[in-house]
Structures are given as structure tokens and as C-alpha cells.
Amino acid sequence: MTGLSVGFVTWHTPKDLLVGFLDSLAEAVETLLRAMPMPVSIYAICNDAPQDVQAVEAMIRPRAANADELTWHFVKGHGNIGYGAAQNLAIRRTRADFHLMCNPDLVMAPSVLLETVRFLEAHPGAVLAAPRGVDAEGRNARLAKRQPTLLALALRALAVRPSTGLLGRRIAAYVYDDALPAEQPTPIELASGCFMVARTPALQAIGGFDEGYFLYFEDFDLCRRLAPHGRIYELPTASITHYGGRTARRGLAGNLRFMRSGCRYFNRHGWRMW
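Residues numbered from 1 in each chain as written. Predicted model: local features only at pLDDT ≥ 70, side-chain atom pairs only at ≥ 80, totals over all residues. Heavy atoms only, no water.

**Student:** Help me out: how do you make sense of the overall build of the protein chain in this one?
**Tutor:** When helices and strands are counted, the protein chain shows nine helices and nine strands. Over its C-alpha atoms the protein chain spans a radius of gyration of 18 Å, differing by no more than 12% from the 19 Å that the globule rule assigns to 274 residues. C-alpha atoms of the protein chain, sized along the principal axes, occupy 55 × 45 × 35 Å. When contacts within the protein chain are restricted to residue pairs at least 6 apart in sequence, long-range pairs at least 24 apart make up 79% of them. Side chains of the protein chain give 30 positive and 25 negative charges; the mean places of these two sets differ by 7 Å. (Helix = DSSP H or I, 4+ residues; strand = E, 2+ residues; numbered from the N terminus. Rg over C-alpha atoms; globule rule 2.2 N^0.38 Å. Contact = heavy atoms within 4.5 Å. Lys, Arg positive; Asp, Glu negative; His and termini not counted. Charge placed at Lys NZ, Arg CZ, Asp CG, Glu CD.)

**Student:** Teacher, can you tell me more about the side chain of Ser-5 here?
**Tutor:** Position of Ser-5 relative to the elements: it lies in strand β1 (residues 4-10). Of note is the side chain of Ser-5, whose polar atom sits 2.6 Å from the side chain of His-99. Setting aside its immediate chain neighbours within four residues, Ser-5 contacts Ser-41, Tyr-43, Thr-94, Ala-96, Phe-98, His-99 and Leu-100. (Polar contact = N/O pair within 3.5 Å; in protein donor to acceptor, adjacent residues only side chain to side chain.)

**Student:** Could you clarify how one ought to interpret the nonpolar core in this entry?
**Tutor:** In this structure, Phe-8, Leu-25, Ile-60, Trp-72, Met-108, Leu-113 and Phe-195 are the most contacted members of the largest nonpolar core, which totals 46 residues. Among the elements that make up this core, the one with the highest residue count is helix α1 (residues 15-35) (eight residues). With residues near it in sequence (within four places) discarded, Phe-195 still touches Leu-100, Met-101, Cys-102, Leu-106, Met-108, Val-112, Leu-113, Ala-130, Pro-131 and Ile-240. One finds Ile-171, Leu-180, Met-196 and Phe-266 within the second-largest nonpolar core, a separate group that totals 43 residues. (Core = buried A, V, L, I, M, F, W, Y, C linked by side-chain atoms within 4.5 Å. Buried < 20%, exposed > 50% of the residue type's maximum accessible area, 1.4 Å probe, protein only.)

**Student:** Would you explain a nonpolar patch on the surface in this entry?
**Tutor:** A cluster of nonpolar side chains, Leu-252, Leu-256 and Met-259, forms an exposed patch at the surface whose accessible area comes to about 330 Å². In this fold, Leu-252 is placed in helix α9 (residues 251-269). Under the relative-accessibility criterion, Leu-252 is labelled exposed at 67%. (Patch = residues over 30% accessible without salt bridge, like charges linked within 9 Å, V, L, I, M, F, W, Y side chains within 5 Å. Areas by Shrake-Rupley, 256 points an atom, 1.4 Å probe, with all protein chains shown as cover. Salt bridge = Lys/Arg side-chain N within 4 Å of Asp/Glu carboxyl O.)

**Student:** Is there a simple way to explain the pattern of salt bridges in this structure?
**Tutor:** Oppositely charged side chains can pair when the atoms bearing their charge come close. For the coordinates displayed, the defined rule picks out 13 salt bridges. A salt bridge links Asp-135 to Arg-139; its shortest N-O distance comes to 2.9 Å. Residue Asp-135 is classed as buried on the basis of its relative accessible area, which comes to 17%. Notably, a salt bridge pairs Arg-139 with Glu-137, separated by 3.0 Å at the nearest N-O pair. A cluster of three or more residues bridged by salt bridges with shared partners is formed by Asp-210, Asp-221, Arg-225, Arg-264 and Arg-268.

**Student:** Honestly, the pairing of strand β3 (residues 70-75) in this entry has me stumped. Any pointers?
**Tutor:** Put simply, side chains in a regular strand alternate between the two faces of the sheet. Bridge count between strand β2 (residues 40-46) and β3: six bridges; the pairing is parallel. Of the residues in β3, the one forming a bridge with Ile-42 is Trp-72. (Pairing = 2+ DSSP bridges.)

**Student:** What's the story with the packing of helix α8 (residues 218-226) against α9 in this structure? I'm lost.
**Tutor:** Angle between the axes and distance between the axes are the two parameters that describe a pair of packed helices. Two numbers describe how α8 lies on α9: the axes approach to 10 Å, and their chain directions differ by 20°. By the angle between their axes, α8 is roughly parallel relative to α9. Once α8 is placed against α9, the crossing between them reads as left-handed. Seen from α8, the contacting residues are Phe-220, Asp-221, Arg-224 and Arg-225; seen from α9, they are Tyr-265, Arg-268 and His-269. Classifying every residue of the contact of α8 with α9 by side-chain character gives two nonpolar, one polar and four charged. (Axes fitted to C-alpha atoms, helices over the stretch in contact; angles between N-to-C directions. Parallel < 35°, antiparallel > 145°, perpendicular 65-115°, else oblique. Left-handed = near helix turned anticlockwise from the far one by under 90°. Nonpolar A, V, L, I, M, F, W, Y, C, P; charged D, E, K, R; others polar.)

Honestly, it's all geometry; don't read function into it.
Next up, the structure:
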């Protein structure tokens, strides 16, 4: 076994979020290594401006000691190249069997790395494993998605909640309210880019993320392109608490990026209205 690698991307990450993420990552790695000794490589990918990178490193380095089975790498100096392009800097370098792509706006349960790696080892037909997510209040974060439609995206933008009503049922189907959370590993169509563990050979075979997406839809596109290599699962025994949502408050520039990425996604994978 050549182990696990981890790539996480920082960009204006609040200190409290980053510290909580790093502490949970350390505990998850320790849990993994106690049960399944293997090499672990962690790539801290700094999309921050040059004047901010030093401050980010100062937060990370005290928690980033190399050990016999653990190696840290700092990837910096490239500026804000977007989430997918930043993750590709690690994907192209790693030689591990499995690779975690994640954001530092979450806290991992101690067993999440162990559970995802064990699952992928035991299920050769699976190409990607994702955890069950909860939000800061402990509610289902609904990280898994079915293929998006223009109606579903519009309803999400209008903050329509899953319900038994006509429009609510459309959202419920999109976010798997009929099937998740489940008691057994469940095949899903799309996983969230906030935390996904994939087989590295498959990731590298498809060239990693499409760098034409600066932000938004790059995770959906990755899942679609990985699908020929195996199934994607959400695991009930693996969990994270996701504090994300800053990108949801997009502003004008963010909305333009969202629409541009959405057009790229639908042009590649087909436009679906309903």
C-alpha cells in the first residue's frame, strides 16, 4: 500500500476555522495510522496572496510536524488560481493509492479517514467515498446531490426547502431527501468537493479537476468524469461537520462566476430544465 494523501486549499480562511480543521485532521490521521499504518502526505495549498501566505503558514506549521509515516508539503506562490486548479497541484504530485480533496471549513470526525479508506479498500468497484455531513447545528447538510436541473438550482437560489409541495419535492429529489441519510453505504450521483476521497489512479487518469471552472460546479464535473471508473458512495459511518456557506453569499462577481461555471457544466453534460 502506498497510502493516503490529503490536499486542502486555503484562501482567506478564518483563523478559527483553520485551527479547528487542522486539529480534527491531526486526530483523524492518528486514528487512521493506529488502525492501518501507511504513509500519509498532506498538501497545504495556499491560494492566498503573497503577503498573506506567511500568516497562513504560521498557523499551520506548529501543527505540521513530519513523522515516520506523515509528511507535510506547503504549496504556495501561485496565487488564487481557483479551487480545482489548486487541488490539481497535489493530485499531480501524489503517488498515494487514495487522495482526499477537502476544504478547511469543516471538522472531521476522528474515524472519517479510516472509514473512507477501509471502504475503498474493501470495495474495488467504488471510485470515490464521501462522508455524511452535518451543519453547525447538527442538521443534515445534504452534501450529496443528484444531477442538477435549472429548476433545482433556481429553487435553491430562492431558498426553497425540501417539502411535500410541488416545488419542495423537486428540491427533495435533488438533495436525496428520499434516500439519505441511510444506514448503509449508498450510491450517489454527485459528492461535495468539501470532502471527497478518491482512488488516485482514476483521478490522474481523468486529469483531475477541469481547470476551466474557477469555482462552482468543479466537483460535480469531477464526479461525472469519474463515474466510468466506478461508483460514488456516501458512507453513514464517516462524518464531518461542515461550516461552509461563505461561497453561498456570492455577491455580483460570485454570481457571474456561478453562472459561467453552470453554463460550462451544462454545455458538457447536457442541459436539463426540470
